[in-house]
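# Remarks on the overall topology
Next come the chains, spelled out residue by residue.
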Amino acid sequence: MKWYRQLLLLLPRKHRSLPDHLRGGRIGEDAAARYLFLHGYRIHERNFVSGKNEIDIIAEKNNTYVFCEVKTRMQDFGEDAPFGRPAAAVNAAKQRNLIAAATTFEGRHRREGKFYRFDVIEVYVTPAYRVSHICHMESAFTR
């Protein structure tokens, strides 16, 4: 992948004109992509769509494709969460959808010797739209 394409995948996307409930999610996905890059991951795609299914971030590290679901909460880390931890929203139905999209990606990008993993990244955003904490859960679920 050319270096400038990698850079384009890391640039923040427009979010100021979005409604509040979407704005936080966009900020969270941007922060998660930067987090992965800074931790040695190569970002392949963002918002990969396969039918009605979507994968937020597809990255690679150590010969492993990593399919990431990003969950953002508009609260400071450590506050009482009225809806629980963000990762709790990745239920069995959501996992099936992610697996289906990952299967499509694998079919299009078949490479020998590659491994696959499903991660969940929790991003906590303050009411002022600043990222306060990122929690990366590797191998959060399996097929």
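Preceding this section is the structure that the text describes.
My aim in this report is to walk through the structure given alongside it, one point at a time. (Residues numbered from 1 in each chain as written. Predicted model: local features only at pLDDT ≥ 70, side-chain atom pairs only at ≥ 80, totals over all residues. Heavy atoms only, no water.)

### Description of the pattern of salt bridges
- Enumeration according to the criterion identifies 8 salt bridges in this entry.
- With a shortest N-O distance of 2.1 Å, Glu60 and Lys114 are connected by a salt bridge. With Glu60 in strand S2 (residues 53–61) and Lys114 in the loop between helix H3 (92–108) and strand S4 (115–125), this pair connects stretches of sequence that are 54 residues apart.
- A residue is classified by how much of its surface remains accessible, and Glu60, at 12% relative accessible area, is buried.
- The salt bridge involving Asp119 is made with Arg117; its shortest N-O contact spans 2.8 Å.
- Counted as one network, the salt bridges with shared partners bring together Arg42, Glu60 and Lys114. (Salt bridge = Lys/Arg side-chain N within 4 Å of Asp/Glu carboxyl O. Helix = DSSP H or I, 4+ residues; strand = E, 2+ residues; numbered from the N terminus. Buried < 20%, exposed > 50% of the residue type's maximum accessible area, 1.4 Å probe, protein only.)

### A short note on the packing of aromatic side chains
- Counted under the stated rule, the structure contains 7 aromatic pairs.
- Residues Phe67 and Phe105 carry aromatic rings whose centres are separated by 5.7 Å and whose planes lie at 80 degrees to one another, so their mutual orientation is edge-to-face. Of this pair, Phe67 sits in strand S3 (residues 64–74) while Phe105 sits in helix H3, and the two are 38 residues apart along the sequence.
- Relative accessible area serves as the criterion here: at 2%, Phe67 is assigned to the buried category.
- Assessed through its relative accessible area of 1%, Phe105 is described here as buried.
- Members of the aromatic cluster, joined through ring pairs, are Phe48, Tyr65, Phe67, Phe105, Tyr116, Phe118 and Phe141. (Phe/Tyr/Trp six-rings, centres within 6.5 Å; stacked < 30°, edge-to-face > 60°.)

### Considerations on the pairing of S3
- A large share of S3 lies buried, amounting to 10 of its 11 residues.
- Both S2 and S3 contribute to a ladder of 5 bridges, which runs antiparallel. Paired with Ile58 across the two strands is Phe67, which belongs to S3.
- Where S2 hands over to S3, the hairpin turn is made up of 2 residues, of which Asn62 adopts a positive phi near 50 degrees.
- Pairing of S3 with S4, which is carried by 11 bridges, proceeds in the parallel orientation. (Pairing = 2+ DSSP bridges.)

### Things to note about the pairing of S2
- Across the 9 residues that make up S2, a large majority, 7, are buried.
- Following strand S1 (residues 42–50), the chain reverses through 2 residues before pairing antiparallel with S2; Gly51 in that reversal takes a positive phi of roughly 65 degrees.

### Description of the nonpolar core
- Judged by nonpolar contacts, the single largest core of 16 residues is most densely connected at Leu36, Ile57, Ile121 and Val123.
- Among the elements of the structure, helix H2 (20–38), S2, S3 and S4 are those that each provide at least two residues to this core.
- In terms of residue count, the dominant contributor to this core is H2 (5 residues).
- For Val123, the residues in contact, after removing those within four places along its chain, are Gly28, Ala31, Ala32, Val70, Lys71, Thr72, Arg73, Val131, His133 and Ile134. (Core = buried A, V, L, I, M, F, W, Y, C linked by side-chain atoms within 4.5 Å. Contact = heavy atoms within 4.5 Å.)

### Quick word on H3
- In this model, H3 (17 residues) spans 25 Å end to end at C-alpha, consistent with the 24 Å of a helix rising 1.5 Å per residue.
- When H3 is considered as a whole, its buried residues turn out to be Leu98, Ile99, Ala101, Ala102, Phe105 and Glu106.
- Lining the buried residues of H3 we find S1, S2, S3, S4 and strand S5 (131–141).
- Sitting at the amino-terminal end of H3 is Asn91, which places a side-chain oxygen 3.3 Å from the backbone nitrogen of Ala93. (Expected span 1.5 Å × (residues − 1). Polar contact = N/O pair within 3.5 Å; in protein donor to acceptor, adjacent residues only side chain to side chain.)

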